[in-house]
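Summary of the model geometry
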Amino acid sequence: MPSGHFENIILEMENTVLSDSSSAESLAERSASRAVSHRYATYLTEVRQLIDAGYRVMQRAEGVDPRVGEIVREAGLSNQAFYRHFRSKDELLIAILDDGLRKLVDYLEHRMKKSKTPLDRVRAWIEGVLAQASNRKAARATRPFALGGMRLQDRFPVEARASIEHLKQPLVRAIDDARTRGDAPGADAMRDAEAIYQLAMGCMQRHLVERVAPSARDVEQLVAFALAGLARSRPRGT
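Presented here is an overview of the structure given in this document.

About the cut-offs
Each chain carries its own residue numbering, running from 1 in the direction its sequence is written. Where totals are concerned, whole chains, interfaces and linings use all residues; where local detail is concerned, this predicted model gives features only for residues with pLDDT of at least 70, and gives and counts side-chain atom pairs only at 80 or more. The basis for every side-chain value is the complete set of non-hydrogen atoms in the structure, without hydrogens or water. A pair is scored as a salt bridge if a Lys or Arg side-chain nitrogen falls within 4 Å of a carboxyl oxygen belonging to Asp or Glu. Strands are runs of DSSP state E lasting at least two residues, helices are runs of H or I lasting at least four, and both sets are numbered from the N terminus onward. A 1.4 Å probe rolled over the protein chains alone gives each residue an accessible area, and that area as a share of the maximum for its type sets the label: buried under 20%, exposed over 50%, partly exposed in between.

Below, the discussion takes up the pattern of salt bridges. Counted under the stated rule, the structure contains 22 salt bridges. Arg-48 is paired through a salt bridge with Asp-52; the nearest N and O atoms lie 3.0 Å apart. With Arg-48 and Asp-52 both in helix α2 (residues 27–61) and four residues apart, this pair spans about one turn of that helix. The exposure class assigned to Arg-48 is partly exposed, which follows from its relative accessible area of 31%. Taking the relative accessible area as the measure of exposure, Asp-52 reaches 26% and is therefore partly exposed. Where Arg-123 meets Glu-220, a salt bridge forms, and the shortest distance between an N and an O atom there is 2.9 Å. Placement of the pair is Arg-123 in helix α6 (residues 118–134) and Glu-220 in helix α10 (residues 216–232), with a sequence separation of 97 residues. Under the relative-accessibility criterion, Glu-220 is labelled partly exposed at 37%. Linked by salt bridges that have partners in common, Arg-48, Asp-52, Asp-99 and Lys-103 make up one network.

Structural data, given as C-alpha cells:
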C-alpha cells in the first residue's frame, strides 16, 4: 500500500470522528478524536521510518530486493510494526518508489519555475530527469529502481502507473502551454509527454545501469531532439 494511500485511510478515520463533533462535543467524542489523532501521528511516523530505512538499505545493496528483517532493524522497529502497514515487502517497495517519484516531481517543478517559456519548462523537465544519472548522490538513490523497478511495476501496475502519471503532469502542462502559446501548435500534450517521458527515462536508466553519467552534450542532444519533435508535431488525425 503506497504511503499516500495509507495516509488517506487514516485521515478518513480522523474525519469520521471529527465530522460528528459539534460545539457541544461530549467528553467521549473528544477522547476519541484525540486517540485517532495520536494513532495517525504514530502510524505516519512508523511508515516514514520504514520508507527511509528501505531507501538506506537499498542504496547500500544497490538493489530492490532487501530483506524485511534488514529494513526493520534499520528502522529500529518490530516485524509487528512492519506488517501493521504493509502486507509484503513489495508493498513497501512500491511505496518507496512512489515516495521517490514524488520527491522527483517537487525537484522538477522547482527547476521549471525558473523557466521563462513553456518550451524552457520542457527543457528543464528533461534536464532534471537526466540529472538523476549525472548527480552522484541522486544516481546512488535512483539506481536500485533502474535495476528492479520493472518488477515492481509488473507487481503493482495500478499504483506504478499512478506514480508515473504524477511525474509526467508538469511536462504535460508545459507542452499544453506551448501549444496554446503557439510555440508548438501541433502538439498533443498527453501523447507528446508520453514520448518525451519514455525518451528521457530510458536514457537516464541506461546511464544508471551502465554506471556512466550522461555528458552535457548527451543531455543537449536529447533536449534538442525532443524540442524539434514538438515543433514538428501534428494534431491527431492529420
